[in-house]
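Residue-level structural notes
Single-letter residue listing:
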Amino acid sequence: MGVIRVLVRDLLRHPALTVAYAFGIGVGAATYLLLVSATTHFSAQFAQAKKLLGADVVVQRARASSPFMWQLREQEAAKLASFPGVQTVLRLGFGSVDVVGDRFFMFYGLEPDPMLSRSMRSLEGRMPVDGAPEAAVGIFAAERLGLRVGSTLLVRDVPLRIVGVYQCGHSLLDNGGIAPLDVVQRLFDKGDQLSAVLLRLAPGADPEAVAQAIAQAYPALEATPTERWISLYGQVRLVESYVGTIGVIAIAVALFVVLSVLQLNIVTRLPEFAILRAVGWVRWRIAALVAGEALALAFFGALLAPGIGEWILLLLRPLNREAVGFVTDHVELTLWPKTTLLTLAAGLAGAVLPLSRVLRVAPAQVLRTP
Amino acid sequence: MSDRPSLPRAGLALEAKGLAKAYEEGLVVAVRRADLSLAPGERVAIMGPTGCGKSTLLAMLSLLEAPDTGEIFFDGQPARTIKSPEQWRLANVGIVFQLHYLIPHLTALENVMLPLLAKDMPQKEREERGRTLLASLNLSHRCHTLAAKLSGGERQLVALARALINEPRLVLADEPTGAVDSATGALLLDRLFDHSGAYRPTILLVTHDPAVAARADRIVTMRDGVLPAPQKTSPA
């Protein structure tokens, strides 16, 4: 209790500085929190997409590194329709295209599908009809590009009439547009090529077993239960790995801040530690005091991290208009406990060097210096 | 000092033989040879000109610094056998430094309680002992004042209270009245020398002031780093 009181006093001796130090650590922690939130959000987009489309198995070209590749053929999809256990085949083609004011506009080519239609909440108009040069756009895309029913969207010099505005709660789709598959194939010059084929299975069919059977029957195809589909993608793994690396750097920043703060702190407080030794404080007790300060600063930093993260997102929002839906628009609070643990660990690690300096203090030497 | 029954604390016997200390690889000799002997409860004043090595001697006797040569004995036990100087100081020694060395962002009471924080003791008892001691120095009203806001004299009184809070068996005081007014100095010396009951610590006091030194049982003089061989001590 008494040592804690001393610790609190130490932290409060320059409140503005303590807040500044905690803020510095918080920026490091917030950077980590944002990066991990971004990865989680990115993965969640794909995970949501598969739920939305109601597929049990996703089929694509074997060893394809990206869902943006158009590597399947219509005839391969046709074969799957009669595969044992398969109830419905949903052909899918999608890609990004440069439209006015948006360089990364996602267009999804879908076949008319009742289940899909049910999952889309039509805010205005209707869904596009197969074969017609028309499209529906998601609510975010409509707002961003100023589109509404009756507007015309020029995509690669092809005018598409907007017949509906929808909202499905999935930011990738709400941020893009949906057109009939054949229209999207023409837009992207893909002939009879597809990005992927989604399979809905007959009741009781096991997705793992069906996926394995498809892979055996068609070695050029890769069938994956939708639960595992997202993990196949190199981009996602790359992003996760990239973010992991930057996350380590962010935590290293927090560690560096703690280290600098404590070093600075300790240089000015050597007489204090010398006095504590002189009045009988053993080294471990002083070590506990310094480590406690580091942990307290790190914890305050971690407390500030979600707020700082939201603030950073707010600042970046105007720069991110095109990336709405792809870039996270909020801090994932479920990641806060892990962030806090990492920040505390960084705090402790950052305290090691200053601590070693404190423990090497020769009290008489320090107290002799005026 | 508190309602807690405490055992009578007799002073510590101190003997130093041939102590020497130099700095900067022997270029600066602080203490050439110091021999000193204090009986339990004895009060001895060391006088001598500035820079003669008095403070270094006190640093060695409080085990804040190791001598280059020579040996120190406490109650006949060689100091080199003491494994933890910090714990030994906590149990036996109170130090009053020439500069008060209070921690500025702690209150007067918290500064006084610092040694007790290293002991397993209820916080209430720590506070009670601290308050009683500060009251005896007329500082009740300054208990919760930050050390940085105390006057110079008040700081030195608080430093004395910190040195005495543990009822140490040996008090080492380095010019405790050097930077205070005469009234504060008198109060400080009264509190340093006047102990009631069976508690009678051994006191070694460094001072320039003959009037202060006169409060001691014996005065020794240190000159050019040399404290002459011990003279016969009189029991307290």
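Below or above, wherever it landed, is the structure these notes cover. (Residues numbered from 1 in each chain as written. Chains lettered and ligands numbered in written order. Predicted model: local features only at pLDDT ≥ 70, side-chain atom pairs only at ≥ 80, totals over all residues. Heavy atoms only, no water.)

Topic: the overall build of chain A
Counted only if it meets this: Secondary structure is summarised from DSSP: a helix means a run of H or I of at least four residues, a strand means a run of E of at least two, and numbering begins at the N terminus for each. In what follows, a contact means two residues having at least one pair of non-hydrogen atoms within 4.5 Å. Computed with a 1.4 Å probe, the accessible areas rest on the Shrake-Rupley method; for each residue, only the protein chains presented here act as cover.
Each helix and strand counted, chain A has 14 helices and twelve strands in total. Taking all contacts inside chain A whose residues are at least 6 apart in sequence as the whole, residues at least 24 apart take part in 80%. Surface summary for chain A: the accessible area is close to 16700 Å², and the carbon and sulfur share equals 65%.

A few points about the overall build of chain B
When helices and strands are tallied, chain B shows seven helices and ten strands. Restricting the contact set of chain B to residue pairs at least 6 apart, pairs at least 24 apart contribute 74%. Carbon together with sulfur atoms contributes 53% to the accessible area of chain B, which is approximately 10000 Å² in total.

Description of the pairing of strand E9 (residues 177–180) of chain A
Residues and elements named next belong to chain A. Note the cut-off: Note on pairing: two strands pair once DSSP finds at least 2 bridges between them.
Note: strand E4 (residues 102–110) against E9, four bridges, orientation parallel. Along E9, the bridge assignment pairs Phe107 with Gly177. Here strand E6 (residues 134–138) runs beside E9; their pairing, made up of two bridges, is antiparallel. Directly across from Ala136, in E9, lies its bridge partner Ile178.

What to know about the packing of helix H12 (residues 283–316) of chain A against helix H13 (residues 336–359) of chain A
Residues and elements named next belong to chain A. For clarity, the threshold we go by: Note on geometry: axes are C-alpha line fits, over the in-contact stretch for helices, and angles between N-to-C directions span 0 to 180 degrees. Rotating anticlockwise by less than a right angle from the far helix to the near helix defines a left-handed crossing, while the corresponding clockwise rotation defines a right-handed one. Each residue gets one of three labels, nonpolar for Ala, Val, Leu, Ile, Met, Phe, Trp, Tyr, Cys and Pro, charged for Asp, Glu, Lys and Arg, and polar for the others, Gly among them.
H13 packs onto H12 with a crossing angle of 145° between their chain directions and a minimal axis gap of 8 Å. At the point where H12 passes H13, the crossing takes the right-handed sense. Taken together, the residues of H13 that come into contact with H12 (itself represented by Arg283, Ile286, Ala287, Val290, Ala291, Ala294, Leu295, Ala298, Phe299, Ala302, Leu303 and Pro306) are Trp336, Thr340, Thr343, Leu344, Gly347, Leu348, Ala351, Leu355, Val358 and Leu359. Grouping the amino acids of the contact of H12 with H13 by side-chain chemistry returns 18 nonpolar, three polar and one charged.

Here's the deal with the interface of chain B and chain A
What counts here: Take the accessible area each of two parts loses on contact, using a 1.4 Å probe, and add the two losses: that sum is the buried area. We count a salt bridge whenever a side-chain nitrogen from Lys or Arg sits within 4 Å of a carboxyl oxygen from Asp or Glu. A 3.5 Å cut-off defines polar contacts: any pair of N or O atoms within that distance qualifies, except that in protein one atom must be a possible hydrogen donor and the other a possible acceptor, and neighbouring residues in sequence count only when both atoms are side-chain atoms.
Between chain B and chain A, the contact holds 27 residues from the first and 23 residues from the second. For the pair chain B and chain A, the summed buried surface comes to about 2300 Å²; carbon and sulfur atoms form 63% of the total. Sorting the residues of chain B by area buried against chain A places Glu86, Tyr101 and His105 of chain B first, and these three jointly supply 28% of that buried surface. A salt bridge links Arg5 of chain A to Glu127 of chain B, with the shortest nitrogen-to-oxygen separation between them at 2.8 Å. For the pair chain B and chain A, the number of links is ten residue pairs in polar contact (both at pLDDT 80 or more). Elements with a minimum of two residues in the side of chain B that touches chain A: helix H2 (85–92), helix H3 (108–117) and helix H4 (123–136) of chain B.

Notes on H4 of chain B
This is how it is decided: Multiplying 1.5 Å by the residue count of a helix minus one yields the expected span of that helix. Here the term buried applies to any residue with accessible area under 20% of the maximum for its type, exposed to any over 50%, and partly exposed to those in between, with areas from a 1.4 Å probe on protein chains only.
Between the first and last C-alpha of H4 of chain B there are 20 Å, a value that for 14 residues agrees with the 20 Å anticipated at 1.5 Å per step. All of the buried residues in H4 of chain B are Gln123, Glu125, Arg126, Glu127, Arg129, Gly130, Leu133 and Leu134 of chain B. In the core, the buried residues of H4 of chain B are packed alongside helix H1 (2–12) of chain A together with H3, helix H5 (152–164) and helix H6 (182–193) of chain B. Note on H4 of chain B: the residue one or two positions beyond its end, Asn138 of chain B, has a positive phi of about 60°.

Things to note about the packing of aromatic side chains
Note the cut-off: When the centres of two rings from Phe, Tyr and Trp lie within 6.5 Å, Trp using its six-membered ring, the rings pair. Their planes under 30 degrees apart give stacked, over 60 give edge-to-face, and anything left gives tilted.
Applying the stated criterion to the full structure yields five aromatic pairs over all chains. Centre to centre, the rings of Phe83 of chain A and Tyr218 of chain A are 6.2 Å apart; their planes meet at 50°, and the pair counts as tilted. Highlighted residues: Phe83 of chain A in the loop between helix H3 (74–81) and strand E3 (86–99) and Tyr218 of chain A in the loop between helix H8 (207–217) and strand E12 (221–225), separated in sequence by 135 residues. Residue class for Tyr218 of chain A comes out partly exposed when judged on its relative accessible area of 23%. A ring pair is formed by Phe97 of chain B and Tyr101 of chain B, whose centres lie 5.6 Å apart and whose planes are at 85°; its orientation type is edge-to-face.

Re the sheet that holds strand E10 (residues 226–227) of chain B
Residues and elements named next belong to chain B. With respect to topology, five strands assemble into an open sheet ordered E5-E4-E1-E2-E10, the strand pairing being mixed. Sheet topology places strand E5 (77–78) and E10 at the edges, where each strand pairs with a single neighbour. In this structure, strand E2 (residues 28–38) lies alongside E10, joined through two bridges in parallel fashion. Residue Ala34 lies in a different strand from E10, and its bridge partner there is Leu227. Sitting on the sheet, helix H1 (residues 54–61) touches strand E1 (14–23), E2, strand E4 (69–74) and E10, and the angle it makes with E1 is about 120°.

Points about the pattern of salt bridges
Applying the stated criterion across every chain yields a total of 25 salt bridges over all chains. One salt-bridge network, in which partners are shared between bridges, spans Arg5 and Arg9 of chain A together with Glu110, Glu127 and Arg131 of chain B.

Description of the nonpolar core
Note the threshold: Nonpolar core, defined: a set of buried Ala, Val, Leu, Ile, Met, Phe, Trp, Tyr and Cys residues in which side-chain atoms within 4.5 Å join the residues together.
Within the largest apolar cluster, 75 residues are counted, with the highest numbers of intra-cluster contacts made by Trp281 of chain A together with Leu36, Leu57, Leu61, Phe74, Leu114 and Leu204 of chain B. Considering each element in turn, this core owes the most residues, seven residues, to H12 of chain A. Sequence-distant contacts of Leu61 of chain B, that is, excluding residues within four places in its chain, are made with Leu14, Ala16, Leu19, Leu36, Ile72, Phe74, Trp88, Leu172 and Leu204 of chain B. Leu116, Leu133, Leu139 and Phe193 of chain B belong to the second largest nonpolar core, which has 32 residues in total.

Observations regarding unusual backbone geometry
All names here are of chain B. The backbone of Tyr101 shows a phi angle near 50°, a positive value even though the residue is not glycine. Counting through the fold element by element, Tyr101 comes out in the loop between strand E6 (93–96) and H3. Phi is positive for Glu167, which is not a glycine, with a value near 50°. Given a relative accessible area of 12%, Glu167 falls into the buried group.

Here we look at the environment of Leu173 of chain A
Within the element layout of this structure, Leu173 of chain A appears in helix H6 (residues 171–174). It is 7.7 Å that separates the C-alpha atoms of Leu173 of chain A and Met106 of chain A, two residues lying 67 residues apart in sequence.

Focus on the packing of helix H11 (residues 270–278) of chain A against H12 of chain A
Residues and elements named next belong to chain A. The contact between H11 and H12 brings their axes to 10 Å, and the two run at 145°. For the element pair H11 and H12, the recorded crossing hand is right-handed. Here Phe273, Leu276 and Arg277 of H11 come into contact with H12, specifically with Arg283, Ile286, Leu289 and Val290. Partitioning the contact of H11 with H12 into residue classes produces five nonpolar, no polar and two charged.

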